[in-house]
Every structure is written in structure tokens, then in C-alpha cells.
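Each chain, letter by letter, is given below.
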Amino acid sequence: MTNDPTRPLLAVRDLGVSFTRKGAPDVRAVDGVSFDVSPGQTVGLVGESGSGKSVTSLAVMGLLPRRNVRVDGRVIFDDDDLLTLPRERMRDIRGRDMAMVFQDPMTSLNPVVPIGVQVTEVIERHQQLSGDAADKAAAELLDRVGIPDPTRRLREYPHQLSGGMRQRALIAMALACRPRLLIADEPTTALDVTIQAQILELLKELVHDSGAALIMITHDLGVVAGLCDTVHVMYSGRVVEGAQRRELFARPRHPYTGGLLASVPRLDAARGTPLHPIPGSPTDVLAWPSGCAFAPRCHHRVDACTDGPPPLENIGGRSLRCVNPLPTTEEVPA
Amino acid sequence: MTAQPSAAGADPVPTGRDQREIDPDDVLLSVRGLQVHFPIRRGILVERQVGAVKAVDGVDLAVPRGSTVGLVGESGCGKTTFGRAVLRLVEPTGGTVTFDGTDLRELDAEQMRRQRRQMQMVFQDPMASLDPRQSVESVLTEPLRAHDIGGDHRARVRELLDVVGLPASAASRYPHEFSGGQRQRVGIARAIALEPQLIVADEPVSALDVSIQAQVVNLLEQLQDRLGLTYLVIAHDLAVVRHIADVVAVMYLGGLVEQAPSDELYATPLHPYTRALMSAVPIPDPDVEESRERILLTGDLPSPAAPPSGCRFHTRCPFRQETRCDDERPALREIRPGHTVACHWAEDIEAGRIAPRESAVVEPDVSTA
Ligand SMILES: Nc1ncnc2c1ncn2[C@@H]1O[C@H](COP(=O)(O)OP(=O)(O)OP(=O)(O)O)[C@@H](O)[C@H]1O
Ligand SMILES: Nc1ncnc2c1ncn2[C@@H]1O[C@H](COP(=O)(O)OP(=O)(O)OP(=O)(O)O)[C@@H](O)[C@H]1O
Ligand code: SF4
Ligand SMILES: [Mg+2]
Ligand SMILES: [Mg+2]
């Protein structure tokens, strides 16, 4: 293990995932995805439904099914390439150093086992505690994630908890192994905004207190604006733009990023502010090999956009995959 | 993945809306004391009613002709039930609904069916509300046939498709052949086929991808300007509702807690719940996110089968006071012109004489600035 703070904890390089099926062409769900995550840092992956966010995070965690899936590229965690590690080593790392929280907590909780048993199990496995000590640690953990009356809650089953409470229980379980990297895949999408605000506040605190790194996956630009240090925007399986948060929101360079910012209504915008929709729909994509996938919907398209796939370039501290980016001076309509 | 040109084509970029003349006293839809209680029954041989889910519990709302009224609130607060009760798709258990001078609850089934020509609904999930075996042409001519409307139906279908920004060739296609946004356009075309006066839109964009929500929002606005429609827009997304609505009503656990013109509500939210809701809506701007104070609520929405006594929000309210809050239900009071609030302490909260509990306030995040 290295403790060089300038080194990223996780370095994803040129990650690709293909789903293969007999008699059908492969589906290239993720391609050429690269990003770094440093300790204590929160990195956002934003994109619409089907853009490859979940597949990316499952690949990082080594949780993709083995059959009919091809993963390429490198996922460097500490000094290991996770994609080449034997299964058991990967399982150890997953339990000890990395944890994941999903959108629907019901799918990750066992419905017929009380919450308490599920939390204590993780604690017993990772903290060498047992019996009363483990129970006590479990109650403390639930308390820490803001579940009132934790001793009573520990005896309850998942269905007896509300959605927000289940998400907290899941976060508690993810924290039980004191991970250095936490991946949260749309952890608040199924929740009401007032509950979402509680969970986001909790995640912020946890990252702050533990120094762990967080990858936050969401389709909501508002969520990343308040939470993430750097943000990577995905479109049709590839990162199209990645930048430090302030840079990205103040000066989006990819037309898709700019288009998203101009099309979502802002609570604080003056009334009558027109919305500028992105034409077409996320299904109107060009296959990357033949050009930029966003080209069919892009108002900034030039002929060169469909000559071939634009590479992900590093331009002024940001990564950008665009033939004709928005000018740095262009005012983004608010 | 193939290149698939969008049938919807490029949307005209709107340049702000025409100034609509709205007379607040010319009320098209007036709802008074509306109540929808769903009975809870128990028993094996003999069912008895053991209680009721008070999904909508005494709501007053006026929708002026040609305006848009937005109804917001969190999951389970009763928005959909309210919208359905207005159209009598679910029977209200109390209160009145008056549409253009007619008391809808007095109408028999046939009269109500005819009345619905004037009041149509757009649903959240366009896939679920369209019959997969019906072509778009058949979807759009069905209401015309049901209401014995003559004329050239094919021409009308082309016209409707054009109005919602779909090509004429869409008529022969089936719902699954469209994207989500295009399907929602079909749902809207169906709703306007009979040239109704009122459209109740229940979560019209929440099932859509973010990049296409604005297309549908703009379409609804354009149709209003063009056809003089009146809208009741129901949604959980306060930013969408504030954008589209002239007046916003905020619902909590079956009742309205605040109602005000859209700008006024944003500038001066008076009800503690509205304040918490607004501070929780993420804004895609790091500067704003870091500089604003957040009011966090604790706990979850209580069950509408056993609503709290007094103010229904008192169990979660960061401003709760020792007196009145837990035993006296606050009525909606007009505190400024056109701005009503159901909170005993609204004036004191506005004047800053009452502060929220400290533990509920998250100060602006200066560490990362
Ligand atoms: N097991 C699978 N077999 C085949 N294709 C798959 C599989 N899992 C995902 N895909 C495809 O991979 C693409 C990316 O999916 P992914 O789940 O990563 O999207 P996402 O960005 O997480 O979207 P959402 O916001 O809807 O969760 C999609 O086109 C999806 O259909
Ligand atoms: N037919 C019914 N029978 C019994 N209870 C019902 C029925 N329909 C709705 N409810 C209950 O009434 C309450 C209000 O439901 P409603 O669907 O109106 O909420 P909503 O505000 O539209 O929520 P959402 O944002 O999730 O759509 C909920 O507690 C719901 O479970
Ligand atoms: S009446 Fe009391 S409990 Fe209700 S919102 Fe006002 S201060 Fe809060
Ligand atoms: Mg996903
Ligand atoms: Mg609803």
C-alpha cells in the first residue's frame, strides 16, 4: 500500500465493456472511459439513462457477470490492476477497501433477515468483533447515519423501514468495512427531495470525517453541483467532458454539457426564462466509430464531427471529446 | 446503436412567452373542501371499515381561465388523487368541484362523460397510458369517435400531430416505436384532440430523460398560448412547476400548506415546509449550492391513515412552537394579496421573530469555496 497523497487511489484507464450475444452484434456499453479518484475526493459521473454509468461502476467493482461480457482497459487501485486480479483477491478488496450503495436499497438488502443481523454480519466479518460488541457497534453505526432509535430498528425487517431509512441502513453497511472508496449509484433517485437532502448531507459528512473517496453517480446536475470536486459527463458509453466542478458549470465546453445546463429549469431562475431543449432524444445516437455519438442532436456540429470518433483530449485542465467545442467565452444561457 | 434521425425534428427555440392576460376572478375550475378518503377495511367474513386513508383532506383551489396552476408535494401527499378527483375519475367523499359554473358532483354518469370533453388528462407514463396495440391514428381518433365528432378525422390527426411536433408519418406507427418524449407528445395530442378547456397534467415530464423534459415543457407552454388552454400541472419537481405555473400550490399530507404566485413563492416562501422543500431542491450551480443555507427535515412523511393532530407538519417542523402547533389545525390564511399560508406562526417566521431549530439548519459550505 502506498501513502503518496499525490497519487490517485483509483485510476481508470481506457475502460471498455462489451456485452456479447450469440447471433447478435456486440453492445459496446462503455468505451474509452478514463478518470482518477484521489483520497478524500468526490467524483461525479453524470449522464442520462443508458449512458453507461452503472456499467462503469460495476466494472470497477468487479461485479459484472462473467458470461457474455468483455471488459478491457485498466482499473488501478493502489498498485493492482483490478481487472487482472484473481476472483478471491478481488472479493477481499471489495469487502475491505471498496463498497457500493445502489439506487434501490431493497435489491441489496435481504427481505427476510432483520436489519440488525445484516449489519452485524458485515461488522463481524470486517472488524473482528462478535456478540454484544458487534451488536453495540451496529447500533452505533445506525445512529451515525441518522436512524433514530437504532436498537429497535435493528430488530426490524427491511420492509418496515421507509425508503430513506433503508438507504441509510445500506450506507451503514457500506461503512461497516471502513472502505477507502465508496461508489454510490443514484443513491437518492428513488427518494423525495427532502430525504435526498438528508442523504447527501450524510454522504458529505462521511467523506469529510473518514477521508474516503466517493464516486457519485447521478443524472442530476444539481446533485453534483453541490457535492463533487470533479465531474465527468457521459454520453452513449463514453466520457465526453470531465472537469473540476466550478469550471464545468461556469464554462461547459461540450455541447451536450452546455445543452443540459440550458435545458433544465432552475429553481432560482427568473420566471419567463426560456428553456432551450436539446432536440431529438438520447436514442438518436451515432455509433461512436463513425463519429461523435451526439452529432445527430448537436447544434454545434460541423462536417468533421462525422469523419470519425473524436478522441478524449486534455485541454486546459479538462478532458474533452469534441471536434468543435463551445468557445470558452460563450455565455451559457441561464 | 444506429443513427436514427429524430421524428420530432428540431424544436423551435422559444423566445420567452407572450404576455397572457389572466383575470384572477374569471375562475374556470373551483375546488372547495375537496375530500377523498379511501376506506381501510378489515375482516374475513364480514368486512368492516376500520379507518380511512385521508389522501385528500379538505383542499380549496381556484384555477383562473387561461392560467397554469401548479400543484407540488412529495410522494404520497395526495397530488394524483386530487387530480383524479377533480375529473371524477375517483369519487370525492366530500367538497365541491365547479367547472365553468357547473357543479360536477351533481352530474350523472352520462352528463359527466360529456363534460369530460372539456377536461382532459395527461399522464406521467405515456407508455402505460397508451394501448400498445393501437396505432397513433387510432389513439387520436378514439376520443373523436367517442364524442361523435364528425369531419375529416385523418386531416384532424395530421393537424394534431403537427401541433405537437410529430411528422404525419407517425400516424401509422405504434407506441413502442417512439422514444419517451415522442410518446408523451402523442399523449398530449390525445388530450387536446377534443379541444378541451382544461388539461390536468399529472407528472407530465418526470418519466422522461432530462435532456428531453424541456421539449415537453415548451410544447405545453406553446399550446397554451396558441389554444388558450388552462392547466393544472401536478408534479413533485418544484423547479419544473415554478417554471411552468403562474400560481403554485404546495401540498403536504392531503392538504394545501401554501399557495402564491410562482415568483412570490420563490422569493418569499412563508410556510416552514415550503422553505425546507425549496432549500432541498438542488440547483445546478456550485456557487449557489455553496452559499445557500439548508433547512433539513427529520423523519419521513407520516401515514395519511393516521395524520398527526393539529398542524400536519408539526412532527417534522423545524419551527414548531410549544403552543397551537400540535393541537390546532391551521387554516389557509391570506397573508399578502394572493398569498395564502396554513401556519399559525407565518408572520413571526417571516419577520424573523421565530428561528428554526439550530440542528435543522445546515450553514453554507465555506470549507470548499
Ligand atoms: N447485462 C447487460 N446486457 C446487455 N446490455 C446491457 C447490460 N447491462 C447494461 N446494458 C446496456 O449498457 C448500456 C449502459 O447501461 P447502464 O446501466 O450503465 O446505464 P446507466 O447510465 O446506469 O443508466 P441509468 O441512468 O438508466 O441507470 C445500456 O445501453 C444498457 O442497455
Ligand atoms: N385507491 C386507493 N386506495 C387506498 N389508498 C390510496 C388509493 N390511491 C391512493 N391511495 C393513498 O393515498 C395517498 C395519496 O396518494 P397519491 O397517489 O394521490 O399521492 P401522490 O402525491 O400522487 O404521490 P406520488 O408523487 O408518489 O405520485 C397515498 O398514501 C396512497 O397510498
Ligand atoms: S403551524 Fe407550527 S408546526 Fe405547522 S408549519 Fe407552522 S410552525 Fe411548523
Ligand atoms: Mg444506472
Ligand atoms: Mg402521483
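What counts and how
- Along every chain, residues carry numbers that run from 1 in the direction the sequence is written.
- Going through the entries in the order they are written, you letter the chains from A and number the ligands from 1.
- Only residues with pLDDT of 70 or above have their local features reported here, since the model is predicted, and side-chain atom pairs are shown and tallied only from 80 upward, although totals for entire chains, interfaces and linings are computed over all residues.
- Hydrogens and waters are ignored; side-chain quantities use all the structure's heavy atoms.
- Here a helix means four or more residues in a row that DSSP labels H or I, a strand means two or more in a row labelled E, and each is numbered from the N terminus.
- Within these notes, the globule rule equals 2.2 Å times the number of residues to the 0.38 power, and the radius of gyration is based on C-alpha atoms.
- Here, two residues are considered to be in contact whenever any of their heavy atoms come within 4.5 Å of each other.
- Method for areas: the Shrake-Rupley scheme with a 1.4 Å probe, in which residue coverage is limited to the protein chains shown.
- Residues scored as charged are limited to Lys and Arg (positive) and Asp and Glu (negative), so that His and the chain ends carry no count.
- A single reference atom marks each charge: NZ on Lys, CZ on Arg, CG on Asp, CD on Glu.
- For each residue, the test is whether any non-hydrogen atom lies within 4 Å of the molecule or strand; if one does, the residue is near.
- In the analysis that follows, any N or O atom pair within 3.5 Å is treated as a polar contact, provided that within protein one partner can donate a hydrogen and the other can accept it, and provided that, for residues neighboring in sequence, both atoms belong to side chains.
- Polarity classes work like this: nonpolar for Ala, Val, Leu, Ile, Met, Phe, Trp, Tyr, Cys and Pro, charged for Asp, Glu, Lys and Arg, and polar for all others, with Gly in that last group.
- We define a salt bridge as a contact between a side-chain nitrogen of Lys or Arg and a carboxyl oxygen of Asp or Glu at a distance within 4 Å.
- Only protein chains enter the calculation, and the probe is 1.4 Å; a residue is then buried if its accessible area is under 20% of its type maximum, exposed if over 50%, and partly exposed in between.
- UniProt positions are given in the numbering used here, feature names are shortened, and annotations may be inferred rather than shown by experiment.
- Two strands qualify as a pair provided that DSSP identifies no fewer than 2 bridges between them.
- Where helices are involved, their axes are fitted lines through C-alpha atoms of the stretch in contact, as for all axes, and angles between N-to-C directions lie from 0 to 180°.
- Relative orientations are named as follows: roughly parallel for angles under 35 degrees, roughly antiparallel for angles over 145 degrees, roughly perpendicular for angles from 65 to 115 degrees, and oblique for any other angle.
- In this scheme, a crossing is called left-handed if the near helix is turned counterclockwise away from the far one by less than a right angle; it is called right-handed if the turn is clockwise.
- Take the accessible area each of two parts loses on contact, using a 1.4 Å probe, and add the two losses: that sum is the buried area.
- For patch detection, residues must exceed 30% relative accessible area and be free of salt bridges, and they are connected within 9 Å for like charges or within 5 Å for nonpolar side chains (Val, Leu, Ile, Met, Phe, Trp, Tyr).

Description of the overall build of chain A
A count of helical and extended segments in chain A gives 11 helices and 12 strands. At 21 Å, chain A has a C-alpha radius of gyration in line with the 20 Å of a compact globule built from 334 residues. A principal-axis box enclosing the C-alpha atoms of chain A has dimensions of 70 × 50 × 45 Å. For chain A, contacts bridging at least 24 residues in sequence account for 63% of all contacts bridging at least 6. Put simply, chain A shows about 14200 Å² of open surface, and 51% of that area lies on carbon and sulfur atoms. Taking the average location of the 37 positive side-chain charges in chain A and that of its 40 negative ones, the two points are 3 Å from each other.

Observations concerning unusual backbone geometry
At Ser236(A), a position not held by glycine, the phi torsion is positive, near 50°. Secondary-structure assignment places Ser236(A) in the loop between strand 9 (230-235) and strand 10 (238-244).

Re the site of ligand 1
Residue and element names in this part refer to chain A. What surrounds ligand 1 is the set Phe19, Ala29, Glu48, Ser49, Gly50, Ser51, Gly52, Lys53, Ser54, Val55 and Glu186. Here an oxygen atom of ligand 1 and a backbone polar atom of Ser51 are 3.2 Å apart. Considered on its own, ligand 1 offers 640 Å² of accessible surface; in the complex 57% of this is hidden by protein. It is helix 1 (residues 53-61) that provides the largest number of residues to the shell around ligand 1, a total of three residues. Looking at the shell around ligand 1 residue by residue, the class counts come to three nonpolar, five polar and three charged.

A closer look at the pattern of salt bridges
All names here are of chain A. All chains considered together, the criterion is met by 42 salt bridges over all chains. For Lys136, the salt bridge is made with Glu140, and the minimal N-O distance between the two is 3.5 Å. Here Glu140 and Lys136 lie together in helix 5 (residues 131-144), a separation of four residues that amounts to about one turn. Given a relative accessible area of 56%, Lys136 falls into the exposed group.

Observations regarding the UniProt feature "domain: ABC transporter" (unreviewed entry) in chain B
According to UniProt, the feature "domain: ABC transporter" (unreviewed entry) maps to residues 40-278 of chain B in the numbering used here. Regarding residues 40-278 of chain B, the helix share stands at 38% and the strand share at 26%, and the terminal C-alpha atoms are separated by 34 Å.

Some thoughts on the site of ligand 2
Residues and elements named next belong to chain B. Taken together, the neighbourhood of ligand 2 is formed by Phe38, Val53, Ala55, Glu74, Ser75, Gly76, Cys77, Gly78, Lys79, Thr80, Thr81 and Pro304. In the environment of ligand 2, an oxygen atom lies 2.8 Å from a nitrogen or oxygen atom belonging to the side chain of Lys79. A distance of 2.5 Å is found between an oxygen atom of ligand 2 and a side-chain nitrogen or oxygen belonging to Thr81. Within the complex, 61% of the 640 Å² of free accessible area of ligand 2 lies under protein. Counting residues per element, the ones that place at least two in the shell around ligand 2 are strand 2 (48-64) and helix 1 (79-86). Considering only residue class, the shell around ligand 2 consists of five nonpolar, five polar and two charged.

So, the sheet that holds strand 4 (residues 94-99) of chain B
Working definition: the strands of a sheet are paired by backbone hydrogen bonds and lie parallel or antiparallel to each other. Residues and elements named next belong to chain B. The four strands lie next to each other as 2-1-4-5, forming an open sheet whose pairing is antiparallel. In this open sheet, the two strands that pair with only one neighbour each are strand 2 and strand 5 (102-103). The sheet contact formed by strand 1 (residues 27-42) and strand 4 spans five bridges and is antiparallel. In the strand pairing of strand 4, Arg32 is matched with Thr96.

Here we look at helix 2 (residues 87-96) of chain A
Buried within helix 2 of chain A are the following residues: Met90(A), Ile93(A) and Gly95(A). Elements in contact with the buried residues of helix 2 of chain A: helix 1, strand 4 (69-77), strand 5 (80-81), strand 6 (98-101) and helix 4 (115-127) of chain A.

A closer look at the environment of Asp135(A)
Residues and elements named next belong to chain A. Inspection of the secondary structure assignment puts Asp135 in helix 5. Taking the C-alpha atoms as reference points, Asp135 and Val117, separated by 18 residues in sequence, lie 8.7 Å from one another. The contacts of Asp135, once residues within four sequence positions are left out, are Thr120 and Leu154.

Considering the packing of helix 4 (residues 136-146) of chain B against helix 6 (residues 180-192) of chain B
Residue and element names in this part refer to chain B. With their axes 8 Å apart at the nearest point, helix 4 and helix 6 run at an angle of 25° to one another. Comparing their axes, helix 6 and helix 4 come out roughly parallel. Taken as a pair, helix 4 and helix 6 cross one another with a handedness that is right-handed. Of helix 6, the residues touching helix 4 (which contributes Val136, Val139, Leu140 and Pro143) are Val186, Ala189 and Arg190. For the contact of helix 4 with helix 6, the class distribution of residues is six nonpolar, no polar and one charged.

A word on the sheet that holds strand 7 (residues 198-202) of chain B
Residues and elements named next belong to chain B. Spatially, the eight strands line up as an open sheet ordered 6-7-8-3-9-10-13-12, and their pairing is mixed. Looking along the sheet, the strands with just one partner apiece sit at the ends: strand 6 (119-122) and strand 12 (333-336). For this sheet, the mean inter-axis angle between neighbouring strands, taken without regard to orientation, is 25°. Bridge analysis of strand 6 against strand 7 gives four bridges, and the strand direction is parallel. Each residue of the ladder has a partner; that of Met121, found in strand 7, is Val200. The sheet contacts of helix 1 involve strand 3 (68-72), strand 6, strand 7, strand 8 (230-235) and strand 9 (247-252), and relative to strand 8 the element is tilted by about 150°.

Some points on the interface of chain A and chain B
Each side of the interface is counted separately: chain A has 53 residues, and chain B has 59 residues. Summed over both partners, the interface of chain A with chain B buries about 4700 Å², with 59% contributed by carbon and sulfur atoms. At the boundary of chain A and chain B, one finds five salt bridges. Notably, a salt bridge pairs Asp246(B) with Arg271(A), separated by 2.7 Å at the nearest N-O pair. Those elements that place two or more of their residues in the side of chain A that touches chain B are helix 8 (193-210), helix 9 (221-227), helix 10 (245-250) and helix 11 (255-263) of chain A.

Observations concerning a nonpolar patch on the surface
A cluster of nonpolar side chains, contributed by Ile44(B), Leu45(B) and Val46(B), occupies part of the molecular surface with about 440 Å² of accessible area. Note on Ile44(B): relative accessible area 85%, which makes it exposed.

Points about the packing of helix 6 of chain B against helix 7 (residues 210-227) of chain B
Residues and elements named next belong to chain B. It is at 10 Å that the axes of helix 6 and helix 7 come closest, and there the two elements cross at 20°. The orientation of helix 6 with respect to helix 7, classified from their angle, is roughly parallel. Of the two possible hands of crossing, helix 6 and helix 7 adopt the one that is right-handed. Counting all contacts with helix 6, which are made through Gly181, Gln184, Arg185, Ile188 and Ile192, the residues of helix 7 involved are Ile212, Gln215, Val216, Leu219, Leu220, Leu223 and Leu227. Among the residues forming the contact of helix 6 with helix 7, the class breakdown is eight nonpolar, three polar and one charged.

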